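Coordinate analysis (summary)
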Amino acid sequence: GQQVMQIPQYQHVQEGEDFTTYCNSSTTLSNIQWYKQRPGGHPVFLIQLVKSGEVKKQKRLTFQFGEAKKNSSLHITATQTTDVGTYFCAGPSSGGSNYKLTFGKGTLLTVNP
Amino acid sequence: EAQVTQNPRYLITVTGKKLTVTCSQNMNHEYMSWYRQDPGLGLRQIYYSMNVEVTDKGDVPEGYKVSRKEKRNFPLILESPSPNQTSLYFCASSFSGAANTGELFFGEGSRLTVL
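Residues numbered from 1 in each chain as written. Chains lettered and ligands numbered in written order. Predicted model: local features only at pLDDT ≥ 70, side-chain atom pairs only at ≥ 80, totals over all residues. Heavy atoms only, no water.

**Things to note about the sheet that holds strand β7 (residues 65-66) of chain B**
Residues and elements named next belong to chain B. The following threshold applies: What makes two strands pair is DSSP finding at least two bridges between them. A run of H or I in DSSP becomes a helix once it reaches four residues, and a run of E becomes a strand once it reaches two; helices and strands are each numbered from the N terminus.
The four strands lie next to each other as β1-β3-β8-β7, forming an open sheet whose pairing is antiparallel. Since the sheet does not close on itself, it has two edges, and those belong to β1 (4-7) and β7, each with one partner. Relative to strand β3 (residues 19-25), β1 is paired through four bridges, and the arrangement is antiparallel. By the bridge assignment for β3, Q6 is matched with C23.

In structure tokens, the structure reads:
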């Protein structure tokens, strides 16, 4: 079955450092979504990327979708303590179904103030 | 306020005692889904529903049942809970198929412990 892999599993940074998490799919994705889950909270949608090579920015967050639509990345510039949480990527299941969304295992980001 | 509401938020039960976790959304979403979250395993889809009376299995459906009799409600039923179903459960909804429109809205989560 389809696999969505994320690395790293954990990342600890000093406040002000940059952070990047990578997502790789075993199959080509029609789109990819990113979610953030604060400690003790629920996942919250950040963004969806659809086009090959797409780059989108949200303030200090930059999202990229690979040219082959099999990988994606989330980069945070100058991390803040409010960035703490687990970041998940998610892609539609292979086989044509647009109703099964497979999540990566997530990257847990901790920020030392 | 647009929201997905799950109940109960916390539950401790014993093996074999049937339980239902309710989920309700007030956004008129067609699509609803259940996920379980376990340490090191991320979010895994249990069941999903594309519309009323239309449901399908996710990646880990064993031991669970669902129903979708009304658009707003999507209860998760554990007929005979076992300790390996101890987990954090999330209900989520979106306007259309999750991968079509993006933006899954998640409930607050239900932490279930089966002894």
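**A few points about unusual backbone geometry**
Cis rather than trans, the peptide bond between A:I7 and A:P8 has omega equal to -5°. Structurally, A:P8 is set in the loop between β1 (4-7) and β2 (10-14). The linkage connecting B:N7 with the following residue, B:P8, adopts the cis geometry, with an omega of -5°. Residue position: B:P8 is located in the loop between β1 and β2 (10-13). The phi angle at A:K59 is positive, at roughly 55°, despite the residue not being glycine. The topology assignment puts A:K59 in the loop between β6 (55-58) and β7 (61-65).

**Examining the state of the cysteines**
Residue and element names in this part refer to chain A. Note the threshold: Two cysteine sulfurs form a disulfide in these notes if their separation is within 2.5 Å. For each residue, the accessible area found with a 1.4 Å probe, counting protein chains only, is set against the maximum for its type, and the residue is called buried under 20%, exposed over 50%, and partly exposed in between.
For the structure shown, the criterion picks out two disulfides over all chains. There is a disulfide in this structure between C23 and C89, and the S-S distance comes to 2.0 Å. The sign of the 75° torsion about the S-S bond sets the C23-C89 disulfide as right-handed. With C23 in strand β3 (residues 19-25) and C89 in strand β9 (residues 85-92), this pair connects stretches of sequence that are 66 residues apart. Both residues of the pair, C23 and C89, belong to the buried class.

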